[in-house]
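Examination of the molecular architecture
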Number of protein chains: 2
Amino acid sequence: MGAVRMRIMSLVIHVCHLNRKFTRLPHLAGSQQNLDLAKQIRDEWMEFGLDSVELVPYDVLLSYPNKTNPNYISIVDHLGTEIFNTSLAEPVPEGYEDVTDIVPPYSAFSAKGQPEDELVYVNYGRTEDFFKLERELGINCSGKIVIARYGKIFRGNKVKNAMLAGAKGIVLFSDPADYCADGVEPYPDGWNLPGGGAQRGNVLNLNGAGDPLTPGYPAKEYTYRSSLEDAVGLPKIPVHPIGYHDAVHLLHKVRMNIHTNNQVTRIYNVIGWIRGAVEPDRYVILGGHRDAWVFGGIDPVSGAAVVHESVRAAGKLMKKGWRPRRTLIFASWDAEEFGLLGSTEWAEDHARVLQERAVAYINADSAIEGMYTLRVDCTPSLHTLVYDITKKVSSPEEGEEGMTLYQSWHKRDNSTERDAPWISKLGSGSDFEAYFIRLGIASGRARYTKNRKTERYSSYPVYHSVYETYEIVERFYDPSFRRLEAVARVRGGLIFSLADSPVLPLDCVEYAMSLTKYANSIYQLALKHPAAMQQHSVSFDSLFFAVENFTVVARDFHQRLDHALAVRMVNDQLMYLERAFTDPLGLPGRPFYRHIIFAPSSHNKYAGESFPGIYDALFDIENAVDWQKAWDEVKRQISIAAFTVNAAAETLKPVVS
Amino acid sequence: MGAVRMRIMSLVIHVCHLNRKFTRLPHLAGSQQNLDLAKQIRDEWMEFGLDSVELVPYDVLLSYPNKTNPNYISIVDHLGTEIFNTSLAEPVPEGYEDVTDIVPPYSAFSAKGQPEDELVYVNYGRTEDFFKLERELGINCSGKIVIARYGKIFRGNKVKNAMLAGAKGIVLFSDPADYCADGVEPYPDGWNLPGGGAQRGNVLNLNGAGDPLTPGYPAKEYTYRSSLEDAVGLPKIPVHPIGYHDAVHLLHKVRMNIHTNNQVTRIYNVIGWIRGAVEPDRYVILGGHRDAWVFGGIDPVSGAAVVHESVRAAGKLMKKGWRPRRTLIFASWDAEEFGLLGSTEWAEDHARVLQERAVAYINADSAIEGMYTLRVDCTPSLHTLVYDITKKVSSPEEGEEGMTLYQSWHKRDNSTERDAPWISKLGSGSDFEAYFIRLGIASGRARYTKNRKTERYSSYPVYHSVYETYEIVERFYDPSFRRLEAVARVRGGLIFSLADSPVLPLDCVEYAMSLTKYANSIYQLALKHPAAMQQHSVSFDSLFFAVENFTVVARDFHQRLDHALAVRMVNDQLMYLERAFTDPLGLPGRPFYRHIIFAPSSHNKYAGESFPGIYDALFDIENAVDWQKAWDEVKRQISIAAFTVNAAAETLKPVVS
C-alpha cells in the first residue's frame, strides 16, 4: 500500500486554478462552449501524457427554451388577463453581467403548452403526498395545475406523479425551508439560494434508457430513432421551475406559458486511455460530466477538476516510468444534466467490451455539496478499499492536523450498524448509473457533504442556479481547497489501487454482510402484512438460504484467495461478481435497470433501493386491486432474488465442480 | 494437430454395444427408467475417470397421456355416434412385445378437449399453406378442426398457425409421401414408417424459454411457477398425431378425444467434469439428451452413445497422464423431447459462469439420420476447425478406403458458394439452443445424413415412432457402425481440439464471410419491394459498412494473432466474439432468442434464419396493416443489426483504444 499512498499524495491539487478556468463561461450540453471545452480537455490530457484521447460524439435528444418566446407562469384574472408574470431569468451574480448564453431556469423536456387552471399545492409531489391528497383530503388533481416544492425526491418523479394524478401542468418551486440553511445569507453574502434563483433540471423518467429516442443502443448517426410519441420518459405535460420570490404570489388561478423545444443535438464525450502494462484488457474507469446548466461552480466543475487533476497526476507518474498494471480510462461526459446521456450512450456503445473487461467505475460528479465530512456511496465490495484509502488521506478540516480523513469522517458520521464511517447505497442521478445498474460494474462515488443529521435543506441551496460560481466555492465551501483535495485523493486512490493491486481489492464478504442486512430489511417490510403473508403462503426462506449460501461461499473464497496461485482466475471471479447480480430481463417495466440487488427507487431516482423487485411488489400492496396477483408477484420477486444471490455465490465457488 | 489426431483415433468405438444397452427399455423423461439410466451413466462416467459427476434435478412441466382414458380421433355420423376410431397404440415391433410403459403416440402439451367438426386439410400447416387457403381458396379454418401432414416445419409451428387461423383442434398425420422413401419397405423389412406408426412430439412454442412455468429461471424447488394460464408456449387447442393407415379414413366429420395431462415432474441431467490443467476456468461442453419417446434407437441413443464413448476415451487418456488444457464438461440432458428442458434449465441455472467461461458447446443428438454423408450445422467461426478435423478422420463408406471423411463429404455435398463441403446454419430443435441462441456460446453439431438433394422424405421415416430400435440401426442405417464412429470422431475431435489448442481454433474471418453472405441475402429479400424501399428511404448502407468494418477488423485480428504473446487475452477475444452478437433485449417478442445474427425461424423452429430481426420485419410486409410502421420496423432492425456487427468488430480490435 506504500506505493498507492505515494500515488495518492502525488495528486498535487490544482483544483482551485481549474475550477476558475472551467467556470468562466456556461457549458450547456450541445453548446459551442461545451464543445470548445471538450477540445481543450482533450488537448490538455494529451499534453499530460495519456496514450490516446478521443472526442466521441452522439446525437441525442436535448431540450432548450425557445429564445424568442420565453417560458413563464402568470396569474390571470377572471377575464383571463395576465396580472402577474414570473421572472424570465435569474438576477445575474456580480462579475458575470456580460456573460451571454445563460440559459434561463426551465424544466428540460417539458411539454409545450399553455394550460390555465386553479393551482393545487401538492407539497413535495411524492407518491405519499398524492396518496394523502386523494385518500385523506379528498382532493382530486385531475385536470388541475399542481405546484410542488423541490426537494426530497428527484424532480422527474414529481412530474410522473403529477401525470399519474391527471394534472395538466406542474410548477416546481424552491421553498426557503428546503433551499436556505438557518443563519446563512443568500448569495453573494452567503451560500443560500436568493429569492430570484431557481433550479434548472431535466424532468425525464428514463429509467436508465439514455437518449429517449434510442433506448438500448448508442445514438450514432445511422441509429434508428423512434418518434417523439414513442420516446422514453418524456413528460406529457408542461413543467416549469420558479424561485421563492415568485412562488409566494401564486395563490390564484394561473396560466403556464411553456415553449421549450426538443431537438436532436450533437454531444461530445472526451475519453482518455492509459494502456495497462500487465493486463491491458482490464479497465478501471474514472468518469464525470463536463456539461453544466450555467457556470457549474459546484456541479460539475468541482468534480471535473478532480478528473483533470487525476489525469495530470497519472501523466506525471508515467513520465517517471510508472505504468498501471491495468488500463485506466478517463471520461469527461457530456449531457449528464439532460438524463445521463453521454455516459449512457457510451456504455451502450461499448457494452460488450465493458461487460468482459471493466473492473470498476468511479464517478466524479460534484466533489463538494457541504462543509462537514466525507460522503461515499458505493457497491459493498468496495467498502474495505474505501476505508483503507481514507486511512491514508489527511483530514482537510482545520484543527484536525495529524488526523486521517478516516478518523475525521468516522467521528462525524459513524454508521448505525458498525463502528465505521457511514457508507450509503448507490441510487442514481449521476453517470455511474449505466455502469452499475445496467452493466453490473463495481462502482462508487465520493464527495464532501453536509451534516445529514442536522442540516435539513435539500442538496445544497444554489443547486442548478446561476449562483453556482467559482466564487461560492472559494468564499464559502472550501476556501483552502483542502476539502476538494481530500475528495480528489479518495477518488484517485480508488482508481490507482484498482488499477495496480495484483489481486483486485474487492471484498465479497462485505457484499455478504450487506445482503444479509438488505434481506432482513425487506423481510421486515413484508412482515407489516402478517395475515396476508400467511394467507398467501409467502416465505422468505429461500432468500435467507441464498444469502447464507452466499456468505459461506464468500468466506471460503477469501480464504482461498490468501494462497491463490492463479491470480488472473480469482481476479475474474472478483470482477464478474457484480455482473452476476444483473439479470438481462431487468426489473418489471424497467428493462435497463438490470441489477437485482440495487436499483434507483421507483419513487425517487436519487435514492437507492435494495432488493428493488421485492420492494416494488410490496409497495402499497394493501391497496392493490387484485390481492392474489399482487402477492403472487411478491413471491415471484423473492424467487428471482433468491436465485440471483445463489447464482452469484456460484461464481465465487472453485471454477470446477 | 498430431496430438489431436491421436486423441481422435483413441475413440475406439463401443457404440454398437452402447446402442444395444441403452435401447432395451423406454426412457421417457420423468420416468423411473430414465432416472435409472441417469444413475447408470453417472456411475460409469465416474468409473471412466472423470473428476466429478453429478445428477442435477429440475422440476419442470411435462405432459403425459391419461393412462385410463386414451386419446384418439373418431369419425362420427350425423347422430354423433363414433363409427371409426384411430388406433390407441402402434403395433409393437418384434422382440419388444413384453415391454411395458411404451407411451402411445400423442402430442405432448396438447390441450384437453373433445371438439367435433368438419375436417379441413391444411397441407403442411405452414404459414404459406394457411395464406393460400385463406387468400386464394377463400377457405376459413375458424372454428374448424384442421388436419396437417407432418414434415417441412416443426410441428409446434403447425399448431401455432392453426390457432392463429382460429381452428379448434388439429390432427397431425404422417403422409407416406413424407415418411416413406422410394423402394424401401416398411419396418421391419426396411426402414420406412409402417402404416400403424405415428410421430410423437411436443407441440410447444417456447421460443427458447425452457420450462413453460419458469421462463428465464431454473426450475428449482423454490422457484416461483406461473399458473398454467400464464405458461409460455402451451397450445390452447387439442392436438393429436396419427399414422397413415388411420389418416386415410378421416374424410368426414371427426371428434377429437384428448385427455393428456400436464404435470410438474422431476427430471435429471447428468453432468461430468474434467478439470483443465492450465485454464480450469475455460469450459468446453459436449452435451446430448438421454430421454427418448420410446426406445430411442436413433434419437437420442445414437448420439448419447457418442457422448458416453467420448467420456470413456477421455478417461483412458487421463489414465495415461493426459489432462486437457481447459475444463471439459459432459452432459446427458433430460426432457429434450419436451422442449429442450433439461439443457435450458441448466443453462439458466449457470448462465453467469457460462457467460464468462464457456468456450464452445458441441451438441450430440442423433448421430445418424441417413446413410449418405456428413451433415454439420455450426457457427461460422467453427467452419475451419470442422474442415481440419474431418481431414483427419477416415471415410466410413465402403469402397472409400484411404479417403478422408472430408474428401467423402466434399464429393457428396459440395457447397454452392465455395469449393468445400456444405455446412449449414444452426436452427433449433436440439439442446444447443440455449447455449447458442440465448447465451452466445460458439456451438456446432454433426451427424450422418441422407442425400438432401435427392431424398425428399422428412427427417427419417420412423422418427419418434416405436420403430426407432437398436435393430433399425444395426440392420439398415449402419451395420458396421462405422458411420457412427466417424460422427463420434468429429464430435470428439471438436471438443479435444477446443479444449487443448493453446490458441482457440475459432476463425473470425469465416464469420466475416458468412456475415457478408447473410447481408447480401437479406438485402435481396428487401429489394423485392423497390418502390416501398424508396418511398420509406430504407437503406442497408449502415449494415454493409458494419460488415465491411467487421471484415477488416477480423483480418487484422488474425494477422496479429500469428505473433500474439498474450494468448489469454486473444483467446478471450475469440471466446467472447460469439457473445458479442447477443443483445439482452432479445428479438421482438422473443426475449430468449438474443442472438442478432441467428435465430430459429419464426415459421419453423428447426430452420435457422440469419439476420432474423430484419427477416421477420420484412416477412409478408406487402400485407401489413400499417405500411409506415412496418417499414419503420425494418429500418429499426437494420440499425440494430448494423450496430451489433460493429459492436462485435469492436471486441476484436486491440484492447486499448
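Residues numbered from 1 in each chain as written. Chains lettered and ligands numbered in written order. Predicted model: local features only at pLDDT ≥ 70, side-chain atom pairs only at ≥ 80, totals over all residues. Heavy atoms only, no water.

Going by what an unreviewed UniProt entry lists, chain A is known as Glutamate carboxypeptidase 2 and is assigned to Cyprinus carpio. A UniProt comment under Subunit (unreviewed entry) is attached to chain A, and it reads "Homodimer." Comment text from UniProt for chain A, heading Catalytic activity (unreviewed entry), reads "Release of an unsubstituted, C-terminal glutamyl residue, typically from Ac-Asp-Glu or folylpoly-gamma-glutamates." (UniProt positions renumbered as here; feature names shortened; annotations may be inferred.)

1. Some points on the nonpolar core
Counting residues in each nonpolar core, the largest one holds 402 residues, and the members touching the most others are F338, F550 and F611 of chain A together with F338, F550 and F611 of chain B. Leave out the neighbours within four places in its chain, and F550 of chain A touches C508, Y511, A512, L515, L577, F581, V645, A648, A649 and L652 of chain A. (Core = buried A, V, L, I, M, F, W, Y, C linked by side-chain atoms within 4.5 Å. Buried < 20%, exposed > 50% of the residue type's maximum accessible area, 1.4 Å probe, protein only. Contact = heavy atoms within 4.5 Å.)

2. Thoughts on the relation of the copies chain A and chain B
Overlay of chain A on chain B (RMSD 0.0 Å): rotation 180°, translation along the axis 0.0 Å. Interpreted geometrically, this transformation is the action of a two-fold axis. The position closest to the rotation axis in chain A is occupied by the C-alpha of P584 of chain A, lying 2.6 Å away. A shared interface surface links the copies, since 100% of the contact residues of chain A are contact residues in chain B too. (Least-squares fit on C-alpha atoms with pLDDT ≥ 70 in both.)

3. Focus: helix α9 (residues 341–349) of chain B
Most of α9 of chain B is tucked away: 9 of the 9 residues are buried. Taken residue by residue, α9 of chain B has L341, G342, S343, T344, E345, W346, A347, E348 and D349 of chain B as its buried positions. (Helix = DSSP H or I, 4+ residues; strand = E, 2+ residues; numbered from the N terminus.)

4. Description of the environment of K517 of chain A
Residue and element names in this part refer to chain A. Residue position: K517 is located in helix α16 (residues 508–526). Overall, the relative accessible area of 34% leaves K517 in the partly exposed class. Linking K517 and S610, residues 93 residues apart in sequence, is a C-alpha distance of 9.6 Å.

5. Some remarks on helix α18 (residues 541–561) of chain B
Within an α-helix, residues lying three or four positions from one another point in the same direction, as the helix has 3.6 residues per turn. For α18 of chain B, spanning 21 residues, the distance from its first C-alpha to its last is 30 Å, which sits close to the expected 30 Å at 1.5 Å a residue. Listed in full, the buried residues belonging to α18 of chain B are S542, L543, A546, V547, F550, T551, V553, A554, F557, H558 and L561 of chain B. (Expected span 1.5 Å × (residues − 1).)

6. Topic: the sheet that holds strand β6 (residues 119–121) of chain B
The strands that make up a sheet are held in pairs by hydrogen bonds between backbone atoms, and each pair lies either parallel or antiparallel. Residue and element names in this part refer to chain B. Strand order in this open sheet of 4 strands is β6-β7-β8-β10, and the pairing throughout is parallel. Each having just a single partner strand, β6 and β10 (239–242) make up the two edges of the open sheet. Geometrically, the sheet is characterised by an average inter-axis angle of 25° between neighbouring strands, direction not taken into account. (Pairing = 2+ DSSP bridges. Axes fitted to C-alpha atoms, helices over the stretch in contact; angles between N-to-C directions.)

7. Concerning the UniProt feature "domain: Peptidase M28" (unreviewed entry) in chain A
Per the UniProt entry, the sites bearing "domain: Peptidase M28" (unreviewed entry) are residues 269–401 of chain A in this numbering. Counting secondary structure, residues 269–401 of chain A comes out at 32% helix and 28% strand; the distance between its end C-alpha atoms is 39 Å.

8. Points about the side chain of E471 of chain B
Residues and elements named next belong to chain B. Mapped onto the fold, E471 is located in helix α14 (residues 470–477). Buried charge without a salt bridge: E471, with R20 as the nearest opposite-charge side chain at an N-O distance of 4.9 Å. Dropping the residues within four chain positions of it, E471 is found in contact with Y96, Y187 and F476. (Lys, Arg positive; Asp, Glu negative; His and termini not counted. Salt bridge = Lys/Arg side-chain N within 4 Å of Asp/Glu carboxyl O.)

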